[in-house]
Amino acid sequence: EICACLVGSEMCIRDSMSYTKAMQDNRSKGIYSKQIVKCVDYIQANLQQELRLESIAEYLNMNPTYLSRLFKKEMDVSISAYIKTERLKTAAHLLQYSNYSISEISEYLNFSSQSHFTSSFQELYGLTPKKYRDLHTSCESPDLEEYES
């Protein structure tokens, strides 16, 4: 399904490698605390699940209020805003490189509704998911009829 697409796609692997490199660079520079690196890793690994501050804090064995403040201080964004943005980035990737419907992507990434997904996506990218897909896939996908004749 979508998960197999994400795990199996070359683009996803490249994205994961660039993410890993970025996190290693941050770690080597000492930019983020160990708790925040673990928090970001957990969020990235669980974008398709329901993610709440309390459950993330429990996983990290931290106080939710402390985690929230530390995350905001180090990342300059709230955990909920970070999760939403990362889900929308993943959605953009799926819209561009998969044939899954907008409703399947919305459901997979655990948005409360397709309308919430669409409005959030439009807020970040300035386009509806359909317009984004149309714009980005028309440039990426050659017309197969040209090659068949």
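Residues numbered from 1 in each chain as written. Predicted model: local features only at pLDDT ≥ 70, side-chain atom pairs only at ≥ 80, totals over all residues. Heavy atoms only, no water.

Peer 1: A description of the overall build of the protein should follow, citing residues and the corresponding values.
Peer 2: Helix and strand counts for the protein come out as 10 helices and zero strands. Counting from the amino terminus, the protein carries its helices and strands in the arrangement α-α-α-α-α-α-α-α-α-α. Across the 149 residues in the protein, those meeting the buried criterion constitute 35%. Long-range contacts, defined here as pairs at least 24 residues apart, represent 59% of the contacts in the protein between residues at least 6 apart. A total accessible area of about 9,500 Å² is found for the protein, and carbon and sulfur atoms account for 49% of it. (Helix = DSSP H or I, 4+ residues; strand = E, 2+ residues; numbered from the N terminus. Buried < 20%, exposed > 50% of the residue type's maximum accessible area, 1.4 Å probe, protein only. Contact = heavy atoms within 4.5 Å. Areas by Shrake-Rupley, 256 points an atom, 1.4 Å probe, with all protein chains shown as cover.)

Peer 1: So what's going on with the pattern of salt bridges? Residues and values would help.
Peer 2: For the structure shown, the criterion picks out three salt bridges. A salt bridge links Lys-89 to Glu-86, with the shortest nitrogen-to-oxygen separation between them at 3.1 Å. Note that Lys-89 and Glu-86 are positioned in helix H6 (residues 79-97) at a spacing of three residues, about one turn of the helix. Since its relative accessible area comes to 44%, Lys-89 is described here as partly exposed. Residue classification places Glu-86 among the buried positions, given a relative accessible area of 11%. Asp-134 is the salt-bridge partner of Lys-130, the closest N and O atoms lying 2.9 Å from each other. Taken together, the positions of Lys-130 and Asp-134, both in helix H9 (residues 129-140) and four residues apart, correspond to about one turn of that helix. Of the residues examined, Asp-134 reaches a relative accessible area of 39% and is grouped as partly exposed. (Salt bridge = Lys/Arg side-chain N within 4 Å of Asp/Glu carboxyl O.)

Peer 1: Report on the nonpolar core, specifying residues and quantitative values.
Peer 2: Soluble globular proteins tend to bury their nonpolar side chains together. Ile-36, Cys-39, Ile-43, Ile-56, Leu-67, Phe-71 and Ile-79 are the most contacted members of the largest nonpolar core, which totals 18 residues. Taken together, the elements giving at least two residues each to this core come down to helix H3 (34-45), helix H4 (53-60), helix H5 (64-75) and H6. Broken down by element, the residue count for this core peaks at five residues, all from H3. Membership of the second largest hydrophobic core comes to 13 residues, among which are Ala-92, Ile-105, Phe-121 and Tyr-132. (Core = buried A, V, L, I, M, F, W, Y, C linked by side-chain atoms within 4.5 Å.)

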